[in-house]
Amino acid sequence: MDGGGRGGVYNPRTVEEVYRDFQGRRNGLIKALTTDVERFYRQCDPEKENLCLYGFPSEQWEVNLPAEEVPPELPEPALGINFARDGMPENDWLSLVAVHSDAWLLSVAYYFGARFGFDKSDRKRLFNMINDLPTIFEVVAGYCKKQTISNHSSTKSKSNTKGRGSESQMKYTKMQGKDDEEDDELEYEDEDEHGDTLCGACGENYASDEFWICCDICERWFHGKCVKITPARAEHIKQYKCPSCSSNKRARP
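On a predicted model such as this, the values are computed, not experimentally measured, just so you know. (Residues numbered from 1 in each chain as written. Predicted model: local features only at pLDDT ≥ 70, side-chain atom pairs only at ≥ 80, totals over all residues. Heavy atoms only, no water.)

**Re the overall build of the protein**
- Check the secondary structure of the protein and you find 8 helices and 4 strands.
- For the protein, the succession of helices and strands along the chain, N to C, is α-α-β-β-α-α-α-α-β-β-α-α.
- Every one of the 253 residues in the protein was classed for burial, and the buried ones make up 39%.
- For the protein, long-range pairs separated by at least 24 residues make up 62% of all intrachain contacts whose partners lie at least 6 apart in sequence.
- Surface accessibility of the protein: about 13900 Å² in total, with carbon and sulfur atoms responsible for 48%. (Helix = DSSP H or I, 4+ residues; strand = E, 2+ residues; numbered from the N terminus. Buried < 20%, exposed > 50% of the residue type's maximum accessible area, 1.4 Å probe, protein only. Contact = heavy atoms within 4.5 Å. Areas by Shrake-Rupley, 256 points an atom, 1.4 Å probe, with all protein chains shown as cover.)

Right under this line is the structure:
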């Protein structure tokens with residue numbers, strides 16, 4: 001396939017070339033999981049055989065069977081992504097595919113690095129370049145949250161859920177993509193009220209374009225990424241306890 005597809009002859013040999021290869025494949029995978037998600041969803045039929053999601057340097061994507069050659073020319077993506085499609089909420093499934101896609105991209109990049117003899121300095125430079133980009137999971141989680149907000153006009157914002165322990169899964173906001181005037185006003189109010197809020201883990205200021213969650217015990221706010229809670233996971237948490245409150249409870253006799 002042309003452009004670095006399966007069976008292609010494209011082999012990046014420098015750090016910059018491997019990084020461009022990484023960017024192209026990453027952009028293709030992001031398209032599959034966001035703007036092209038309906039087509040991607042249809043192609044991942046659970047009735048079909050084990051399917052993989054491939055991203056190419058040309059920024060294209062493809063759902064296909066795994067390579068037949070053993071060992072394959074390049075590391076292979078996660079196998080059988082279609083089997084889990086109907087067994088979990090769609091956003092959770094997309095997030096799962098995104099995580100596996102992130103792992104695959106890194107394996108391909110470092111395969112090239114190993115094959116063409118990147119030294120410690122080259123590997124570190126490549127990692128730093130890659131690390132400056134948001135992961136596919138971060139992009140997809142944000143996109144799914146944006147779609148959820150647009151599809152549910154009654155979604156509660158951070159300012160009107162604080163202190164309601166039974167609904168801690170709703171204690172977050174991502175004020176992106178709000179089109180109507182009422183939601184715009186809520187965004188400004190949220191910034192004014194919580195602009196001085198600090199994350200209980202990293203100490204950084206509150207920002208409305210990031211996912212936050214509040215501890216029902218100490219009522220401190222945290223970046224989701226700092227306490228390893230995703231928007232999809234938060235929806236299933238009835239009462240959230242931060243790591244500090246959880247450890248304090250276990251330490252009691």
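**Brief notes about the packing of aromatic side chains**
- Scanning the model with the defined rule gives 5 aromatic pairs in all.
- Ring centres of Phe40 and Trp93 lie 5.3 Å apart, and the angle between their planes is 15°; this geometry places the pair in the stacked category. Here the residue Phe40 occupies a position in helix α2 (residues 37–43), and Trp93 occupies one in helix α3 (residues 90–115), the gap between them amounting to 53 residues.
- Judged by its relative accessible area of 0%, Phe40 falls in the buried class.
- With relative accessibility at 0%, the residue Trp93 sits in the buried group.
- An aromatic cluster is built from Phe40, Tyr41, Trp61 and Trp93, whose rings are joined through pairwise contacts.
- Sitting over the face of the ring of Tyr41, Arg85 holds its NZ or CZ atom 4.2 Å from the ring centroid. (Phe/Tyr/Trp six-rings, centres within 6.5 Å; stacked < 30°, edge-to-face > 60°. Lys NZ or Arg CZ within 6 Å of the ring centre and 35° of its normal.)

**Overview of the pairing of strand β2 (residues 61–64)**
- Two elements, strand β1 (residues 52–55) and β2, share 4 bridges in a ladder whose sense is antiparallel. Of the residues in β2, the one forming a bridge with Tyr54 is Glu62.
- Linkage of β1 to β2, two consecutive antiparallel strands, is achieved through a turn of 5 residues, within which Glu59 is found at a positive phi near 70°. (Pairing = 2+ DSSP bridges.)

**Looking at the pattern of salt bridges**
- Under the counting rule described, the total for this entry stands at 6 salt bridges.
- Between Asp36 and Arg39 there is a salt bridge whose closest N-O contact spans 3.4 Å.
- By relative accessible area, which is 22% here, Asp36 ends up partly exposed.
- Here Arg85 and Asp86 are joined by a salt bridge, their closest N and O atoms 2.9 Å apart. (Salt bridge = Lys/Arg side-chain N within 4 Å of Asp/Glu carboxyl O.)

**A closer look at the packing of α3 against helix α4 (residues 120–131)**
- Put simply, α3 and α4 touch, their axes get as near as 11 Å, and they point 150° apart. Classified by the angle between their axes, α3 and α4 sit roughly antiparallel to one another. For the pair α3 and α4, the crossing hand works out as right-handed. Contacts from Leu106, Ala109 and Tyr110 of α3 reach α4 at Arg123, Leu126, Phe127 and Ile130.
- Residues belonging to the contact of α3 with α4 are distributed by class as follows: 6 nonpolar, no polar and 1 charged. (Axes fitted to C-alpha atoms, helices over the stretch in contact; angles between N-to-C directions. Parallel < 35°, antiparallel > 145°, perpendicular 65-115°, else oblique. Left-handed = near helix turned anticlockwise from the far one by under 90°. Nonpolar A, V, L, I, M, F, W, Y, C, P; charged D, E, K, R; others polar.)

**Quick word on unusual backbone geometry**
- Residue Pro71 is bonded to the preceding Val70 through a cis peptide linkage, with omega at -5°.
- The topology assignment puts Pro71 in the loop between β2 and α3.
- The phi angle at Glu59 is positive, at roughly 70°, despite the residue not being glycine.
- Position of Glu59 among the secondary structure elements: in the loop between β1 and β2.
- A relative accessible area of 32% means that Glu59 is categorised as partly exposed.
- Of note in the backbone geometry, Lys228 takes a positive phi value of approximately 60° without being a glycine.
- Tracing the sequence through the fold places Lys228 in the loop between β4 (221–223) and α7 (231–234).

Honestly, it's all geometry; don't read function into it.
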